Amino acid sequence: MRRENWLTVVFILIIGGFFLLNRLIPAPEISASERRPLKTMPELSVATLISGAFMSDFEDYAADSFALRDGLRSLRAAAVFGLFRQTDKSGLYYDRAVGAGKMEKVDPASLNRVAEKINRLAAGLTDCRLYYAFVPDKSIYAERPLPGFDAAETHRVLAAALGADLTYIDLVAALRAEDFYRTDLHWDQARLGGVLDALGASMGFTPARFTPESLGDFQGVYAGQLALPLEPDSMTIMTAEELERGEARYLGQDGVFQPGPLYDRDGFAGRDPYDVFLRGAQPLIVLENPAASTNKELYIFRDSFSSSLAPLLLPSYARVTLVDLRYIDSRVLAQYVDFAPGADVLFLYSAQILNNDTVLLAG
Amino acid sequence: MLFSSVTFLYWFLPIVLALYFITPRPGGSLRWRNAILLIASLVFYAWGEPVYVLLMAAEAVSGWLGGLLIDRWRGRPGARAALVCSLAVGIGGLMFFKYADFFLANVNTLFGAGLSLLRLALPIGISFYTFQIMSYTIDLYRGRTAVQRSLAAFCTYVMLFPQLIAGPIVRYVDVEKELTGRRHTPLDFALGARRFIIGLSKKVLIANVLGELADLGKNSTENSLLFAWLYIVAYAFHIYFDFSGYSDMAIGLGRMFGFHFLENFNYPYIARSVTEFWRRWHISLSGWFRDYVYIPLGGNRVAPARHIFNILFVWFLTGFWHGAGWNFILWGLYFALLLLLEKYALHSLLARLPRPFAHAWVALCVLVSWAFFDAPNLAAALAVIGHMFGLGLDMVVGPESLYYLRSYAVPLLLACLGCTPLPARLWGGWAATRRKAALEACAVAVLLLLVTAYLVDGSFNPFIYFRF
């Protein structure tokens, strides 16, 4: 074979080979590594052709259904971090101290809008003791400085915009790099001692003692997004006698509360192992502590970080109610929740929610 | 459809290549293969512009009819009328779809007319195919080419997908013979494929990556000197690798199908004067304006005042061709002033300057020009230029800019190296051996797989020159 023909052979083998592989290998419906459904073949019609919707959707489908996709994603990650020596892949980074993460920029406008929403909610809770805190993005604990999240700026904007009747609880100083999972966004429930101490000091309770129970290893959401071979995290849940007797009720789509476990151990094998904690995405959950020596109640306006935190607060309260405004509009909240006078109310959001306020349904 | 897309690479291209090369050539005629290319080109364009494909077809038919009439009435006043009508259709279409809102907005600003804007989407590639059609009718009128009587062959020229939407601006005279009589050789296919993959890699692995850096710099809240320079340098590399990469892909694809398009870039960033820069950057566009506007106006063989007018007029048009905005016009006039400055004042000085100083002069002039080019308005452009020279800054270096300098150091170094002829010289200087051929095939495979990985993983993939 003539030498220049080697080029032709390589070109045809790759272009033609992937063309055939893409026809022969059926595309999976979901990407397990990225934890998302993959695009399916778009609807072909005169309307979608003329509008161009078919063509734009087809490109997404073609990329999502590509043969050996996970391997190619790993190849890109290897090129980004190995060949080009970049320190992040479109905002996704790997740091020796905190592991994998996504850089989260501070958006003061979004912070102000979140503060407005909190102020509106707080205005209807004048009989309660109001607190707020935020979970910093773990990038601030990275070994090498990463641009993006700025805890001081976040606090400054929130403190200026929130009403004076809300007490700030500093969790930034209570957390360390090792308190977060290395492959996931969330904090590790087994390492929330500092957070409980900070909350307890401000809200007037003494954190209970817990016993660790290991569920096994898992890969968090960033491991799949980065597509790098990372050491898995291990998941440990914290149990206690009071928690075993505790009850959880979850608001269903039919508007009726259904009982369920505090820890859904079967969920560990599901798409997102973090769903072990209070079954993942839920609009409204009420946790009851029948063995409580107090009648204090706590309401948490929250995101997913509170799913692992709330069970640890239950021994200190008779009832903990969790409201996730991403899934329930604050305007219908009164149908399901009667805020008890004198109760504690904690507004606790992570950097991801604070900087993307549109996800909160607080009218 | 983007060349740098999974749809093009792994659906469109293999199907078109297979259909094209299995189509027979009865008696050596390329009629059927041209039909495949024409249909493929229509699908390629309609994929991105399902409605405007009719506009492009209408303009192509209009150019073809204009050519027939120019030929029929050759030597009579009718030929001139046919040329004027044909040009009016092309320029009119361009004015309406690309510039109408610019004129309306300026009338509103000047006279408070309150005219409603049309808000038409810009047909992709209209500036490129309009200029190609115009080159045919003008050359035909001047007697520099023969009339094309086959509508299919003419449409194949206008709509040929490798160069349809972002050039190079291929003149009819340059591909006239190949439209009906080109040869297909294994060497052309192999070299075309290599050129295509090199262009694709420039686009996906360098231009897109540095485009991300340029966006980060542009949108950052850190107001530092380092970020101002990171932004403008990244943008300069982004636009060069983006556009020259696309030209490489077009030239490579054309060669795979037997066409030999002229070069569009010749390492512009190594130029030692702005005049030389424009002999190396977007060669097909500057050549078009030179031959169809500048020389008919008298070029430089006129009185100095007229020459200055010619330069200003051509560069006003060049700027306006790039976009319907004052920043583009200023960008063009800025280059006109630099060219005049070099012609009348700096010519001998630049020739005597040590190389590094001459390169620095070009780099500075060109980087400042990109501030105009990328800015949404004049105020934003002046702000960027001010930042580059230390005005209105909060700091010299900030943590964010330092982080991104470190993160993008290797892509920036690769871009620096890649915009010089050094890699090609080193490769070309290596004697052709089996080992070299094997290494080349491996490199092509690695690059194509890497590009595929970047595309499949869904990354930043805009293309600057589509908007022209």
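Here is what the cut-offs are and how they apply
- Residues numbered from 1 in each chain as written.
- Chains lettered and ligands numbered in written order.
- Predicted model: local features only at pLDDT ≥ 70, side-chain atom pairs only at ≥ 80, totals over all residues.
- Heavy atoms only, no water.
- Salt bridge = Lys/Arg side-chain N within 4 Å of Asp/Glu carboxyl O.
- Helix = DSSP H or I, 4+ residues; strand = E, 2+ residues; numbered from the N terminus.
- Buried < 20%, exposed > 50% of the residue type's maximum accessible area, 1.4 Å probe, protein only.
- Pairing = 2+ DSSP bridges.
- Core = buried A, V, L, I, M, F, W, Y, C linked by side-chain atoms within 4.5 Å.
- Right-handed = clockwise from strand over helix to strand, strands pointing away.
- Domains from an automatic or database assignment.
- Contact = heavy atoms within 4.5 Å.
- Buried area = accessible area lost by both parts, 1.4 Å probe.
- Patch = residues over 30% accessible without salt bridge, like charges linked within 9 Å, V, L, I, M, F, W, Y side chains within 5 Å.
- Areas by Shrake-Rupley, 256 points an atom, 1.4 Å probe, with all protein chains shown as cover.

So, about the pattern of salt bridges. Across all of its chains, the model carries 37 salt bridges over all chains by this definition. Between A:Arg73 and A:Asp70 there is a salt bridge; the shortest N-O distance is 3.9 Å. With a gap of three residues between them, A:Arg73 and A:Asp70 both fall in helix H4 (residues 69–83), about one helical turn apart. You can call A:Asp70 partly exposed: its relative accessible area is 41%. Where B:Glu263 meets B:Arg195, a salt bridge forms, and the shortest distance between an N and an O atom there is 2.7 Å. Taken together, the residues B:Glu263 in the loop between helix H9 (225–256) and helix H10 (274–280) and B:Arg195 in helix H8 (residues 186–219) connect sequence positions 68 residues apart. Connected through salt bridges with shared partners, the residues A:Glu34, A:Arg36, A:Asp64, A:Arg69, A:Asp70, A:Arg73, A:Arg76, A:Lys89 and B:Asp457 form a single ionic network.

Residue and element names in this part refer to chain A. Ordered by their spatial adjacency, three strands build an open sheet running E3-E4-E5, and the pairing between neighbours is antiparallel. Strand pairing shows two members of the sheet lacking a second neighbour, strand E3 (88–89) and strand E5 (99–102), which therefore form its edges. Relative to E5, strand E4 (residues 92–95) is paired through four bridges, and the arrangement is antiparallel. Among the inter-strand pairings, Asp95 is bridged to a residue of E5, identified as Gly99.

This part is about the nonpolar core. Within the largest apolar cluster, 270 residues are counted, with the highest numbers of intra-cluster contacts made by A:Phe11, A:Trp187, B:Phe8, B:Phe161, B:Phe196 and B:Trp370. Counting residues per element, this core draws most heavily on H9(B), which supplies 18 residues.

Glancing now at the pairing of strand E6 (residues 129–135) of chain A. Residue and element names in this part refer to chain A. Counting buried positions along E6 yields six of seven residues, so the element is predominantly enclosed. In terms of strand pairing, E6 meets strand E15 (residues 344–350) through seven bridges, oriented parallel. Looking at the pairing, Tyr131 lines up with Leu346 of E15. Where E6 and strand E7 (residues 166–168) come together, three bridges link them in parallel fashion. Across the sheet, Tyr131 pairs through a bridge with Thr167, a residue of E7. Following the chain from E6 across helix H6 (residues 151–161) to the adjacent parallel E7, one finds a crossover that is right-handed.

With that out of the way, let us pick up the domain arrangement of chain A. Residues and elements named next belong to chain A. On domain assignment, one finds that chain A holds domain 1 (3–95) and domain 2 (101–359). Inter-centroid distance (C-alpha atoms) of domain 1 to domain 2 is 36 Å. At the junction of the two partners, domain 1 supplies 20 residues and domain 2 supplies 25 residues. In total, about 1900 Å² of surface goes out of reach between domain 1 and domain 2, with carbon and sulfur atoms giving 55% of it. Taken together, the links from domain 1 to domain 2 amount to one salt bridge.

Next up on the list: a nonpolar patch on the surface. There is a patch of nonpolar side chains on the surface, built from A:Leu44, A:Val46, A:Leu49, A:Ile50 and B:Val51 and spanning about 470 Å² of accessible area. Topologically, A:Val46 is positioned in helix H2 (residues 46–51). Residue A:Val46 is classed as exposed on the basis of its relative accessible area of 60%.

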